[in-house]
Amino acid sequence: MSRPASEAEYLARLVPDSVRGVSRRTLLRGALGAGTLLAAPTLLSACGGGGDGGTTGAAKGTVTVGSNQSDAVPKAAIQAVMDAFQKANAGLTAKVNTIDHNSFQENINNYLQGSPDDVWMWFAGYRMRFFASKGLAGDVSDVWKDLSGAGMSDALKKSSTGDDGKQYFVPSTYYPWAMFYRKSVFEQHGYTEPKTLDEFKTLGTQMKKDGLVPIAFGDKDGWPAMGTFDQLNLRVNGYDFHVSLMAGKEAWNGDKVKKVFDTWAGLLEYHQPDSLGRTWQEAAQALQQKKAGTYLLGSFVAQQFAKGAEQEDLTFFNFPEIDSTIGADAIEAPIDGYMMAKRPKNEAGAKKLLGYVGSAAAQNIVVKADPSVIATNDQADKAAYTSLQKKSVEFVSQAKSIAQFMDRDTRPDFASTVMIPAIQSFLKNPKDIDGLVNNIEKQKKSIFAS
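Bear in mind that the values here come from a model prediction, so they are computed numbers and not experimental data. (Residues numbered from 1 in each chain as written. Predicted model: local features only at pLDDT ≥ 70, side-chain atom pairs only at ≥ 80, totals over all residues. Heavy atoms only, no water.)

(A) Broad picture of the sheet that holds strand β2 (residues 92-98). As summarised here, the arrangement of the six strands in space is β2-β1-β3-β10-β4-β11, forming an open sheet in which the pairing is mixed. Each edge of the open sheet is held by one strand with a lone partner, namely β2 and β11 (374-375). In this sheet, strand β10 (residues 335-340) lies alongside strand β4 (residues 170-174) in antiparallel orientation, the contact comprising four bridges. Each bridged residue has a counterpart across the sheet, and for Thr173 the counterpart in β10 is Asp336. (Pairing = 2+ DSSP bridges. Helix = DSSP H or I, 4+ residues; strand = E, 2+ residues; numbered from the N terminus.)

Quick look at the structure:
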């Protein structure tokens, strides 16, 4: 696969072919599994607001927005966008209902089947199409009539399209996953960026001698360690195998997956210990405080660094090569954005808001307030990007293959009910890999057959 010649081509590759081909019937049948996942009373049911304005006519009244951006920096960025939207649209008010990120993810099914907000934040990829196919998202194809040709590429439109050919998603930002570090720490100790796993292990050993934790690590919330699995699988087995595995088409108890966990087990000595009791934010503080040498995470790690000199001290390198025949040109760069409820209380207002968040004007506000992300609208002001944002754009443009993330590239019920506990079990006991993968494969067969 050749390198993408443009940002549009990069965005087109974000949806794996093996996942894109999953049929509507399969997704609808799979909804039964996702429904049982969130049987507990939802934490989100109170989010739905009594917006007025109706579903026809001029947009006016209140639009409610369900947000999973609960950390301080992105929360402020979202509010800044909503404030600007209100200023530009007299008679419209945007009310943001912010829920803890993990609670939002875990209760999303009940939320959407209850009284969801008019608009809610979500992701491109499998999980967007999954809920669209369940009939839990509103058709925003008419919003795309204005976005197309106004900075939003055909590739982005494709990434926002459900299995029925209609659009259900409006992209806002994207960000890469990589190995982040502080320039000043590397300069202080004379470290160089490793290109291979052996070089990284050598670096990790030296970091330990220098009193640093080689890899900051926190998996209290379950999902961060998925990123480590993804990187290792992309390096050990390649992009095609990875997306096929995520689509349920490969055996989890085969030698290829065993090798991934075996490789990971050999790296745990470099990881920050007691990871299951630490959030990603707490792990990021180890990097910020110069107690850790590197951190594998998305560029949103920058949210834990002060703007200005401290963020300028943050940079990254690609996850090292493990197999020279596979290389290191496959990365992850997820897309975040907005969807609309199936039956919003204020449909006209919701669509007006969705058109705005997809605009260059709105995204200029987001990327300025949160320099850890990149705008999807190609008319956004990239000249104002920080060095980290500029490097992120260059990084993803040079990749040959781009995945989203495990919990976006596979079935949500499989990611949440199988992979989170399985990976955490591995972190507790990395010695029983055979038992681990056999259990994953057994559960996978049951879920993907439903």
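(B) Here's a closer look at the pairing of strand β3 (residues 119-123). β3 sits mainly inside the fold: five of its five residues count as buried. On β3, burial covers both faces: Val119, Met121 and Phe123 on one face and Trp120 and Trp122 on the other are all buried. Pairing between strand β1 (residues 61-67) and β3: two bridges, direction parallel. Bridging from a neighbouring strand, Val65 pairs with Val119 of β3. (Buried < 20%, exposed > 50% of the residue type's maximum accessible area, 1.4 Å probe, protein only.)

(C) Main features of unusual backbone geometry. Even without glycine at this site, Asp274 takes up a positive phi of about 55°. On the secondary structure map, Asp274 appears in the loop between α14 (255-265) and α15 (280-288). Taking relative accessible area as the criterion, Asp274 reaches 66% and is therefore assigned exposed. Its identity is not glycine, yet Lys290 carries a phi of approximately 65°, on the positive side. Relative to the assigned elements, Lys290 resides in the loop between α15 and β7 (292-298).

(D) Local environment of the packing of aromatic side chains. Taken as a whole and judged by the stated rule, the model has 26 aromatic pairs. Between Trp280 and Phe300, the aromatic rings sit 5.0 Å apart at their centres with planes inclined by 85°, giving edge-to-face as the arrangement. Here Trp280, found in helix α15, pairs with Phe300, found in the loop between β7 and α16 (309-312); they are 20 residues apart in sequence, far enough to count as distant. The buried category is assigned to Trp280, whose relative accessible area is 4%. We classify Phe300 as buried; its relative accessible area is 9%. Both rings, one in Phe316 and one in Phe395, keep their centres 5.2 Å apart while their planes meet at 70°; by these two values the pair is edge-to-face. Within this pair, whereas Phe316 is found in strand β8 (residues 314-317), its partner Phe395 is found in helix α19 (residues 387-397), the two being separated by 79 residues in sequence. We classify Phe316 as buried; its relative accessible area is 2%. Cluster of aromatic residues (ring-pair linked, three or more members): Phe104, Tyr111, Trp120, Trp122, Phe123, Tyr126, Phe130 and Phe131. Over the ring of Phe316 we find Lys391, and its NZ or CZ is 4.8 Å from the ring centre. (Phe/Tyr/Trp six-rings, centres within 6.5 Å; stacked < 30°, edge-to-face > 60°. Lys NZ or Arg CZ within 6 Å of the ring centre and 35° of its normal.)

(E) Representation of the pattern of salt bridges within the structure. By the definition in use, this model includes nine salt bridges. Put simply, Lys208 and Glu269 hold a salt bridge, and the shortest N to O gap is 3.5 Å. Of the two residues, Lys208 is situated in helix α11 (residues 197-209) and Glu269 in the loop between α14 and α15; the sequence distance between them amounts to 61 residues. In this structure, the salt-bridge partner of Lys444 is Glu441, at a minimum N-O distance of 3.2 Å. Of the two residues, Lys444 and Glu441 are both situated in helix α22 (residues 433-448); the distance of three residues between them amounts to about one turn of the helix. (Salt bridge = Lys/Arg side-chain N within 4 Å of Asp/Glu carboxyl O.)

(F) Examining the environment of Ala283 more closely. Looking at where Ala283 falls in the secondary structure, it is placed in helix α15. Owing to a relative accessible area of 0%, Ala283 belongs among the buried residues under this scheme. For the pair Ala283 and Tyr295, spaced twelve residues apart in the sequence, the C-alpha separation amounts to 8.1 Å. Leaving out residues up to four positions away in the same chain, Ala283 has contacts with Ala216, Phe217, Gly218, Gln272, Arg278 and Tyr295. (Contact = heavy atoms within 4.5 Å.)

Everything listed is a geometric property; what it means functionally is a separate question.
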